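# Observations on chain architecture
Listed below, chain by chain, are the residues.
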Amino acid sequence: LQPSLVFMEWLPYRWVSELLYTAYFSYYIMIAGVGLALFFRDRRQFFHYVSVVSFVFYVCYLVYVFVPVVGPRILYRDLPGFVMPVDVLPAVIPDVPAAVQQGVAFQIMARIYDTFEALGAAFPSSHVAVAIVTLWFSFQYLPRIRFAHLVMVVLLCASTVYGRYHYVVDVFAGIATAAMLLPLGNWLYVKFRESH
């Protein structure tokens, strides 16, 4: 069983795909939205946020240099000079259901990934790690949005697998990454702020 291939087959409904692709897109809104809210609320909170989010991003990107894992989308792309070994290919590579392809959110994400995708940036899921970090800042500083934000982060975690961007292990690695780097990032922020 490969959840990143069959999840969409289990729920091939347009309303499900629109909800999950919208949740996946919300990642960009989370980063900017929480940042802007903190910028206008309290500059110290904003600098704390930017420092920790940047730290988590940079560590994820550093991991991608040394562990260039490509997510399930590789099964749907022809890459010049790259051939998947036959013994690792699934017996059946399911198509994206027509109802899913008709969705606006699916088309937006397809355009973004066709234009900006970086292959080899799947493990850990930086979408999951950074979304959890933005959620932590919502719970710390923006209590009015925290539960709506929590719902979007949970849906985003599911959408990474549904949309065939990540394997399930990438999601768990993203959660573990946030769990390790968030306290470390906060500690480093406090340490460097006190030294200056």
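Residues numbered from 1 in each chain as written. Predicted model: local features only at pLDDT ≥ 70, side-chain atom pairs only at ≥ 80, totals over all residues. Heavy atoms only, no water.

## Considering the nonpolar core
- Judged by nonpolar contacts, the single largest core of 29 residues is most densely connected at Leu 38, Val 56, Val 133 and Phe 137.
- Looking at this core, the elements with two or more residues in it are helix H2 (14-41), helix H3 (43-66), helix H6 (126-141), helix H7 (146-162) and helix H8 (168-195).
- Excluding anything up to four places from it in sequence, Leu 38 contacts Arg 43, Gln 45, Phe 46, Tyr 49, Phe 137, Tyr 141 and Leu 142.
- Counting 15 residues, the second largest nonpolar core, distinct from the first, contains Leu 20, Tyr 21, Ala 105 and Phe 106. (Core = buried A, V, L, I, M, F, W, Y, C linked by side-chain atoms within 4.5 Å. Buried < 20%, exposed > 50% of the residue type's maximum accessible area, 1.4 Å probe, protein only. Helix = DSSP H or I, 4+ residues; strand = E, 2+ residues; numbered from the N terminus. Contact = heavy atoms within 4.5 Å.)

## A look at the layout of surface pockets
- Within this model, the largest pocket holds a volume of roughly 390 Å³.
- Every residue lining the largest pocket is counted, 25 residues in all, and those nearest its centre are Tyr 113, Ala 118, Ala 121, Ser 126 and His 127.
- Those elements giving two or more residues to the lining of the largest pocket turn out to be H2, H3, helix H5 (104-116) and H6.
- At four residues, H2 tops the list of elements feeding residues into the lining of the largest pocket.
- Looking at side-chain class alone, the lining of the largest pocket contains 18 nonpolar, five polar and two charged residues.
- One number sums up the size of the second largest pocket: a volume of about 180 Å³. (1 Å grid on protein atoms, 1.4 Å probe; cavity = no way out; pocket = protein on both sides within 12 Å on 5 of 7 lines; lining within 4 Å. Points joined across faces, edges and corners; volume = space filled by probe spheres on them. Nonpolar A, V, L, I, M, F, W, Y, C, P; charged D, E, K, R; others polar.)

## Topic: H3
- Spanning 24 residues, H3 covers 35 Å between terminal C-alpha atoms, matching the ideal 34 Å at 1.5 Å per step.
- Three or more residues of H3 are buried, namely Gln 45, Phe 46, His 48, Tyr 49, Val 52, Val 53, Val 56, Phe 57, Cys 60 and Tyr 64.
- Capping the start of H3 is the job of one residue whose side-chain oxygen sits 2.8 Å from the backbone nitrogen of Arg 44: Asp 42. (Expected span 1.5 Å × (residues − 1). Polar contact = N/O pair within 3.5 Å; in protein donor to acceptor, adjacent residues only side chain to side chain.)

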